[in-house]
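# Analysis of the macromolecular model
Okay, here's what each chain looks like letter by letter:
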Amino acid sequence: MFKVVVVSILAPLPKPLNYLVDKVHADVLLVGRRVRVPLGRRFAVGVVLEAIDVEDGTKLKPIAEVLDDEPLLQPELLTFVRRASAYYAFPLGLALKAALPAGLGSLTAAPKVKHVRVYSRTDMQLTLRGSLQKEILAWIENHGPIDLDTLRQQFPSPYTVLQRLEALELITCRQKESQRDPFVGIDVVADQDWPLNDEQAIAVSQIAAASVAEKFKPFLLHGVTGSGKTEVYLQAIRGVLSAKKQALVLVPEIALTPQLVGRFRARFEQESVRVGVLHSGMSTAERFDMWRAVVRDEVDIVIGARSAIFAPLSRLGIIVVDEEHDDSYKQSEGFRYQGRDLALMRGQMEGVAVVLGSATPSLGSWQRAEDQLLQRLSLTKRVGERPLPEVTLVDMKNAEVEGGLSAELRDAITQTLEREQQCLLLLNRRGYAPFLLCGDCGASYRCPNCEITLTWHRKLGQLRCHYCDYHQPPADECPQCGGAAMDPEGMGTERLADELQLLYPDARIERMDRDTTAAKNAQQALVGRMERRGVDILVGTQMIAKGHDFAAVTLVGVVDTDAALNFPDFRSAERSFSLLAQVAGRAGRADLPGRVVVQTYSIDNPVLQCAIDHDYLRFAKQELPLRQLLSYPPFGCLANLVLSGLDRQEVERAADALVAGLESQAEVCSGVEVLGPAPCPLFRLRNRYRMQILLKGQSRRALRELIAYAPQWNTYLSARLTLVLDIDPVDMM
Ligand code: ADP
Ligand code: ZN
């Protein structure tokens, strides 16, 4: 018998490979650890999936090195990643690589464990002469065990003295792993549970009962904005913790601010509950540290963005997905998983409660609640009986517009500023203007790599492509007709902020979009200035709609609704409704009544009409039948195939051939349609031509039958082409 491990290499290989285990590791638990293994003439990193005995292992190669001191993934977590990779028809090795903290798949760039020296006093007694020696020894005696960094803060250069004391056996030194804390230096103000209102109390008790029952139980917590959903999570989690279980809280990336983390810490840390954070703003080393802390069971609550669904918690009792409708739960490249859906999958596998919370649930979750697959919990009122803000629609067809703003919105801003309250203005387009246009010939600049006009960023003095990194300065004259300089056309956040400054010269105006928040901590600093009321008007893209709780915001203005409403995608109504309801929900959250002004060219649009009344139910009732009629999700299931390559004709021909193949495979499956090929909405992106094929299944089972053929599809294609399969797509660009 040979001891063998089954290893999934963190690379796009079709299946795991077997390697021999050397004598040193024969009795070590290797499952869930990374190993370095020979692969062809090189080496690769893989994760051990299983340890087995085989009769004949003479042809197998041995593992070269065990890279981790402890397993990084428990068996349950390995099973979960395997299921997720099967569901998304994505290679297991790459799925594991995406699940683990960044960098762990590489042999060179992997983060290292950092150690610190920790000193403790021994029993040895000796009379010392040096006064510094005495002082340091006394300090260690009183404060020890103590690490070197702390000693360095107390004494100028203690190291030689410490070595001396160690040589005299007065102290001992050991190496302890140091944890890099991403939220070091952030104040935590103590905080207590609020007395719950009736609806909150029902929600908490239902969730707590479910998490004690140790069975899978999914909830949809539908609560209007400001109804106290976070309070429900906090108190439900308290119950979970007292049952000695752990909590996993997923939030949209952008909402993962120190403010939110602070709220959890403030609530729990005085009870020595450890709150951990995992998100992409942390360095790879910080994430690696946090991951291992979770593995070692040193963390009770993990708060994280999408990828935290893979956090290696072993005593999981509850998973919360806040703002479950948010598109950022869908990974848009590589392993294209949907974090919310995986939360349900993991919850089911581990038998825990899963709470999906939102003021504007995704229609998929809503339908599941209708079908009794999720238990609905409703918070219908704002905390403290605060009214929802009044919404006014302004018909832009007859409006007196100045600086992109109607008279109604301008008046509302003036009044808000006079009362020294804050305004939020939503314009979901960054940059100064969507394009520069030649007044003579109508030419505009296009990206040479993508089929798209370049956005004018005036402060940068650049035309930029929002899809690839291309940028260029504008020419002095029109590059097409040589006419005079081109003019900005349309409006982005940068221009809106400039126009506002002209209209309100004394107002403090700031902008929140991807350009102004790119730097580390910039978003957090801006949120801080808003909270301290150092900003009067905040202009921003959808980023401003997400989760913020600014007490002094009493006016929300929506500058443009038409771009979103008319976007060619079956989910545009859902997206628009939720964006409007969410941004409107930022107004009047404290004791001051709020107001919302929405500018539109489509005043009769039924989606807008529902949004004015804050009526999610009516919106769902009106939108779901349309989806059903066309068998779109949540009634049917979709998968999108994007075929791309540098040569247009080759892509088009291959797409036709692929569709022919798919159609013959679909014939033997029941209830799948193959639609296309059609050019993608972005036909050319980063120099590649792109065709898409939509697979529409009447049921998930039907779609799965066809997707089972996926491993064959690539074999039809030349190596110059790339085929990407996106299951349950949210974005079909
Ligand atoms: P949501 O997440 O539903 O938008 P939050 O949980 O942020 O709402 O709650 C809105 C505000 O109301 C917060 O400032 C919160 O501290 C407060 N709050 C929540 N529940 C209660 C309660 N039962 N009593 C008093 N204040 C509450
Ligand atoms: Zn481009």
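Refer to the structure presented above.
What counts and what doesn't
Residues numbered from 1 in each chain as written. Chains lettered and ligands numbered in written order. Predicted model: local features only at pLDDT ≥ 70, side-chain atom pairs only at ≥ 80, totals over all residues. Heavy atoms only, no water. Core = buried A, V, L, I, M, F, W, Y, C linked by side-chain atoms within 4.5 Å. Buried < 20%, exposed > 50% of the residue type's maximum accessible area, 1.4 Å probe, protein only. Contact = heavy atoms within 4.5 Å. Donors = N, O, S within 2.8 Å, 3.2 Å for Na, K, Ca; no water. Tetrahedral: all angles 85-135°; square planar, octahedral: opposite > 155°, others 65-115°. Pairing = 2+ DSSP bridges. Helix = DSSP H or I, 4+ residues; strand = E, 2+ residues; numbered from the N terminus. Axes fitted to C-alpha atoms, helices over the stretch in contact; angles between N-to-C directions. Near = heavy atom within 4 Å. Polar contact = N/O pair within 3.5 Å; in protein donor to acceptor, adjacent residues only side chain to side chain. Nonpolar A, V, L, I, M, F, W, Y, C, P; charged D, E, K, R; others polar. Expected span 1.5 Å × (residues − 1). Parallel < 35°, antiparallel > 145°, perpendicular 65-115°, else oblique. Arc of directions from axis to C-beta.

## Observations concerning the nonpolar core
Leu248, Ile309, Phe310, Leu695 and Trp713 are the most contacted members of the largest nonpolar core, which has 138 residues in total. Filtering out sequence-adjacent residues up to four positions away, leucine 695 remains in contact with Cys637, Leu638, Ala639, Leu641, Leu662, Glu673, Val674, Leu703, Leu706 and Trp713. Core analysis: the next-biggest nonpolar cluster, separate from the first, contains 29 residues, Val204, Phe264, Val275 and Val320 among them.

## So, the coordination of the zinc ion (ligand 2)
Protein coordination at the zinc ion (ligand 2) comes from Cys447 (SG), Cys450 (SG), Cys465 (SG) and Cys468 (SG), with a distance range of 2.2 to 2.4 Å. Classification of the site at the zinc ion (ligand 2) rests on its four donor atoms, whose angles at the metal span 104 to 113 degrees, yielding the label tetrahedral. All donors of the zinc ion (ligand 2) belong to a single chain; written as a sequence motif, their spacing is C-x2-C-x14-C-x2-C. On the basis of relative accessible area, cysteine 465 is assigned to the buried category, the value being 5%.

## Structural notes on the sheet that holds strand E28 (residues 672-685)
The strand order across the open sheet built from four strands is E28-E29-E27-E30, with neighbouring strands paired in antiparallel fashion. Of all the strands in the sheet, the pair left with one neighbour each is E28 and strand E30 (722-727). Strand-to-strand twist in this sheet, taken as the mean axis angle between neighbours without regard to direction, amounts to 20 degrees. Here eight bridges tie E28 to strand E29 (residues 688-697), and the two strands are oriented antiparallel to one another. Counted as the bridge partner of arginine 684 is tyrosine 689 from E29. The sheet strands contacting helix H19 (residues 648-667) are strand E27 (637-645), E28, E29 and E30, and the helix crosses E28 at an angle near 160 degrees.

## Focus on the site of ligand 1
Close contacts around ligand 1 come from 16 residues, with Pro195, Gln200, Gly226, Lys229 and Thr230 the closest. The contact in question runs from an oxygen atom of ligand 1 to an N or O atom on the side chain of tryptophan 194, over 3.4 Å. Here the shell around ligand 1 is built from residues that sort into five nonpolar, six polar and five charged.

## Here's the deal with unusual backbone geometry
Following proline 633, the chain continues to proline 634 via a peptide bond in cis, the omega torsion being 5 degrees. For proline 634, the location among the structural elements is in the loop between helix H18 (616-629) and E27. Of note, the bond from glycine 676 into proline 677 is cis; its omega dihedral lies within 30 degrees of zero at 10 degrees. Note that proline 677 resides in strand E28. Its identity as a non-glycine residue notwithstanding, aspartate 728 has a phi of 55 degrees, on the positive side. Within the secondary structure layout, aspartate 728 lies in the segment after E30.

## Details of the pairing of strand E14 (residues 353-358)
Extensive coverage of E14 is indicated by the burial of six of its six residues. Of the two faces of E14, both are covered, the one formed by Ala353, Val355 and Gly357 as well as the one formed by Val354, Leu356 and Ser358. In terms of strand pairing, strand E9 (residues 217-223) meets E14 through six bridges, oriented parallel. In the sheet register, leucine 220 faces E14, and the bridge partner there is leucine 356. In terms of strand pairing, strand E13 (residues 316-322) meets E14 through five bridges, oriented parallel. Bridged to isoleucine 318 within E14 is alanine 353.

## Brief notes about helix H12 (residues 407-418)
In this model H12 runs 16 Å from its N-terminal to its C-terminal C-alpha over 12 residues, within 8% of the 16 Å that 1.5 Å per residue would give. Of the positions making up H12, those classed as buried are Ala407, Leu409, Arg410, Ala412, Ile413 and Thr416. Residues of H12 that are buried in the fold lie against strand E17 (422-426), helix H13 (493-503), strand E24 (537-540), strand E25 (553-558) and strand E26 (595-600).

## Section: the packing of helix H11 (residues 363-370) against H18
It is the contact of H11 with H18, at a shortest axis distance of 11 Å, that shows an interaxial angle of 95 degrees. The angle between H11 and H18 places the two elements in the roughly perpendicular class. Here H11 contributes Leu363, Trp366 and Gln367 to the contact with H18, which in turn contributes Tyr616, Leu617, Phe619, Ala620, Glu623, Leu624 and Arg627. A per-class count over the contact of H11 with H18 returns seven nonpolar, one polar and two charged.

## Section: helix H2 (residues 92-99)
All buried positions along H2 are accounted for by Leu92, Gly93, Ala95, Leu96 and Ala99. Across the axial projection of H2, the buried residues extend over an arc of 160 degrees, all falling on one side. Buried-residue contacts for H2 involve strand E1 (2-9), strand E4 (42-54), helix H1 (75-87) and helix H9 (284-295).

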